[in-house]
Protein chains: 2
Amino acid sequence: MWLWYNWRSAIVLSSELVVLDEEHWDGWKDIDAIAKRIKILQQGMLTPEANHLAGRFGDTIILQDGHEDLPSFDWPQPPKEALSCLDQGMMRLGQQQLMETATNPDYRLEHLVNSCDELRETTLIHEARIIEWLSMMYPQANLGRDRVGLIRSLARSEQVTELANKWSVNAPDYEEVHKEWKVMKKLAEITNMSYKQLDATEHQIRLVSESYMPSLSLLLGPILAARMCVAAHSRARLARLPAGTIQILGAEQAFFEHLKHGSAPPKHGHLFMHPWVGKSPRWVRGKIARMLAGKVCLAVRSDHFGGQIWDEKHVQEIKSKVESLIKNHPRPPKR
Amino acid sequence: MWLWYNWRSAIVLSSELVVLDEEHWDGWKDIDAIAKRIKILQQGMLTPEANHLAGRFGDTIILQDGHEDLPSFDWPQPPKEALSCLDQGMMRLGQQQLMETATNPDYRLEHLVNSCDELRETTLIHEARIIEWLSMMYPQANLGRDRVGLIRSLARSEQVTELANKWSVNAPDYEEVHKEWKVMKKLAEITNMSYKQLDATEHQIRLVSESYMPSLSLLLGPILAARMCVAAHSRARLARLPAGTIQILGAEQAFFEHLKHGSAPPKHGHLFMHPWVGKSPRWVRGKIARMLAGKVCLAVRSDHFGGQIWDEKHVQEIKSKVESLIKNHPRPPKR
C-alpha cells in the first residue's frame, strides 16, 4: 500500500493499484500558500492532505510524486491553470529564500565583523602615512605618541599655519604648499571618519550579538562573541563544534603548522582576546582557554537551541574558576 | 705655509710659525649670517676671509680649524659674546636644514605617490565589502558591474527602501535593519570620499611633477614621471641612474629573481604603464622600453641639471621612433 502525494493531491493506492482514498487541495490560487507547500515538499515533510490520509491508513509507504520506488500509475495531474500558479509559487519561494539571507544574523555579523577588521587595517595605513607626512611638513614639531589625537587636530584645522602656531614651530613655506596641505588634511578627515565608522560598526555588532547570542555575549562580551560566530561561519555551526575546536578557533594557521611541522599546538585563538586569557600569566593561559572553551560551548548551545539565557551568576561562577586556576598555578612549570 | 681658518677668522702662518697675515669677521651679531658661514664650513668651502687670503698667498696649505695636519699654535679664539652667537647660529642652521626637508619636492612626491597607492588599496577593500554587503541586503537586485556607481548611489540614498524602489526589489525587513543599513551607507560615504581624495592627490602630483620635472612629465605624463622619481628615491638619483636600471625600475623583484634563479630578466618596470610600452605588441615592448628608458635618462638629466626644457617636438620624435619600432617588427620572433 502506497501513499503518494504532491503539492496538491494525496492518494492512497492499494498493492493492487486501486485508489483507496484521495484528497485534493483547491487553495492553489493563493501563491503564498503554494510557496509554503513547495517548501514542505523540499523539506521532505507531509502536506496537510498527505498527513490526513497517513493518519487514517496506518501501514502505507509514503512517497512524494516522482520517487523511483513508486509503481507506475496514472497519478492525477493538477489542472493547467493550477500549473501556472505553481510556477508563480516557485518564483515566490525563491524570492523568499533569497530575502532570508538578507535577514540572517550569521551573514549580517559576518559583514559587520569583516568590515570592522578591514577598517582597522585601512585606518592604520592612512594613519601611518599622515604621521610621516606631518613630520615632513612640520619637521620641528614634537609629534608625540597620540596618533589619533594628531589626526583629529589636523582634520579640524583649516590652515597650514594653524598647527604650526599651535606647536610653536615654523610652517613650511613654498608655492602650492596650501594645496598640498589640503590633500593631507582631507586624508586626515577620511581617517577621522573611519574612526567613527569603526565605533559605529562595533556598536551595531554589539546590538546584533546581544540579541542573537545573549548568553555567549554575556560570557565573552558581544564583540568577541560575534568574532567566534563569524570564525565558525554560523551560530549553528559554532553550537555544534567540540570545545577543543572552539579553543583554537582563529588560530587555524598555527594549528596546521602544528600538524604539518610538529610545532607546539596553539593554546588559544580568538579567545586570547578575552582578558581572562590574554591578561593571565603565560603558563595558565592554556588551561583557562580550555576551560573557557567548554563554557563557550555551553553558552552558544543554550543560545542556539533555545536554552535558558545565562545571567551574571553563570559568569561569576566561571570567573571564580579562572581565579582558582591562576591561584593554583602561581609559578611557571619546570621544564 | 698654512692658511688656517674658522667661521670668524683666517690666518696665514709661515713654516716658522709666524703670522704673515690675518683677517677677522665682525658681523657675528647677525645669526643668519653665522648660520650661512657654518654651512660653508660644513661643505668644506672657504669663508670670504679665507678666500681673500688664499688669493693673496698662492702656495699655502689651506686647512679648517681643528684639522690634525695643522701645527700646534695658539689660534685666535672668538670673544665670549661671539661664542654664544655661534651657538644660536648652529641652532638656526639646524632649523633651516629641517625646514628644507619640508619643501623638498622629492619627499613631497614620495608622500603623494605613496598616499595614492594606499588609497587605491584601501578603497578596493571597502568597495569589495560594500558590494558583497549590498548583494546580501538586496539579494534580488542585479547589481551589474559599475561598482563605483553603485557605491555613489548608496552614499547618496537616505533610506533602506530608497535603493529597493530604484531597483524594484524588496527591501530587507527586520528589527534594526535601518541602523545596520546606515553603517553600510556610511562606509560607502567614506569610500566615495576616498575616490575624490584619490583624484585630488593625483591632481597635486601632477602640479608638483610638472614644475619639478617638466621634461620628464612631458615625456611620460606627470603621474608616471612622479612614480619613476619616487622609485629612484629622488630626482637627483634618477638623473644619475643608467638607462638599463631605469628600464627595469619598479620590477626589482623580477630582476632579483632573474639574478637568483635565472628566470627571464624583466623587460620593463613602471615604464610598462606608459601606453607606448603597455599597449604595444608583446614582442616589441622590450625594445620600446629600452629606447624609452634612454630618453627618460636624457629628460630627467635635463630637468635635474637645468638643461633645456623639452617641448612637443622632442616627444613627437620619440613617438615616431616607437612607431617605426612597431612597424619593423610586425610579427613575433620565431623561437
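Further up the page is the structure itself.
Residues numbered from 1 in each chain as written. Chains lettered and ligands numbered in written order. Predicted model: local features only at pLDDT ≥ 70, side-chain atom pairs only at ≥ 80, totals over all residues. Heavy atoms only, no water.

Asker: How do you make sense of the pattern of salt bridges when you look at a structure like this?
Answerer: Close approach of charged atoms allows side chains of opposite charge to pair. Here the structure, examined in full by the defined rule, presents 32 salt bridges over all chains. A salt bridge links K185 of chain A to E158 of chain A; the nearest nitrogen and oxygen atoms lie 3.7 Å apart. Here E158 of chain A lies in the loop between α5 (147-156) and α6 (160-166) and K185 of chain A lies in helix α7 (residues 177-212), a separation of 27 residues in the sequence. The exposure class assigned to E158 of chain A is partly exposed, which follows from its relative accessible area of 45%. Put simply, R108 of chain B and E180 of chain A hold a salt bridge, and the shortest N to O gap is 2.9 Å. Within this pair, whereas R108 of chain B is found in helix α4 (residues 105-137), its partner E180 of chain A is found in helix α7, the two belonging to separate chains. (Salt bridge = Lys/Arg side-chain N within 4 Å of Asp/Glu carboxyl O. Helix = DSSP H or I, 4+ residues; strand = E, 2+ residues; numbered from the N terminus. Buried < 20%, exposed > 50% of the residue type's maximum accessible area, 1.4 Å probe, protein only.)

Asker: In this structure, what is going on with the sheet that holds strand β1 (residues 2-5) of chain B? I would like to understand it.
Answerer: Strands pair in a sheet through their backbones, by hydrogen bonds, and they do so in one of two ways: parallel or antiparallel. All names here are of chain B. The strand order across the open sheet built from four strands is β3-β2-β1-β4, with neighbouring strands paired in mixed fashion. In the strand order of this sheet, the two ends are held by β3 (19-24) and β4 (61-64), each with one partner. Pairwise comparison of adjacent strand axes, ignoring direction, gives a mean angle of 15° for this sheet. Of the strand pairs in this sheet, β1 and β4 are connected by four bridges, and their pairing is parallel. The partner of W4 across the bridge, within β4, is L63. The strands that helix α2 (residues 48-56) touches are β1, β2 (9-13), β3 and β4; relative to β3, the one it contacts most, it runs at about 150°. (Pairing = 2+ DSSP bridges. Axes fitted to C-alpha atoms, helices over the stretch in contact; angles between N-to-C directions. Contact = heavy atoms within 4.5 Å.)

Asker: Looking at this structure, how should I read unusual backbone geometry?
Answerer: Phi is mostly negative for residues that are not glycine, and the peptide bonds are mostly trans. In the Ramachandran plot, H233 of chain A falls in the positive-phi region, its phi being about 80° despite a non-glycine side chain. Among the secondary structure elements, H233 of chain A is positioned in the loop between α9 (222-231) and α10 (235-238). Overall, H233 of chain A belongs to the exposed group, its relative accessible area being 60%. One non-glycine residue, S168 of chain B, adopts positive backbone phi at about 50°. Along the chain, S168 of chain B turns up in the loop between α6 (160-166) and α7 (177-212). A relative accessible area of 67% places S168 of chain B in the exposed class.

Asker: Help me understand the sheet that holds strand β2 (residues 9-13) of chain A in this model?
Answerer: Residues and elements named next belong to chain A. With respect to topology, four strands assemble into an open sheet ordered β3-β2-β1-β4, the strand pairing being mixed. Every interior strand has two partners, whereas the edge strands, β3 (19-24) and β4 (61-64), have only one. Recorded for the sheet is a direction-independent mean angle of 15° between the axes of neighbouring strands. In terms of strand pairing, strand β1 (residues 2-5) meets β2 through four bridges, oriented antiparallel.

Everything listed here is a matter of geometry and, on its own, says nothing about what the molecule does.
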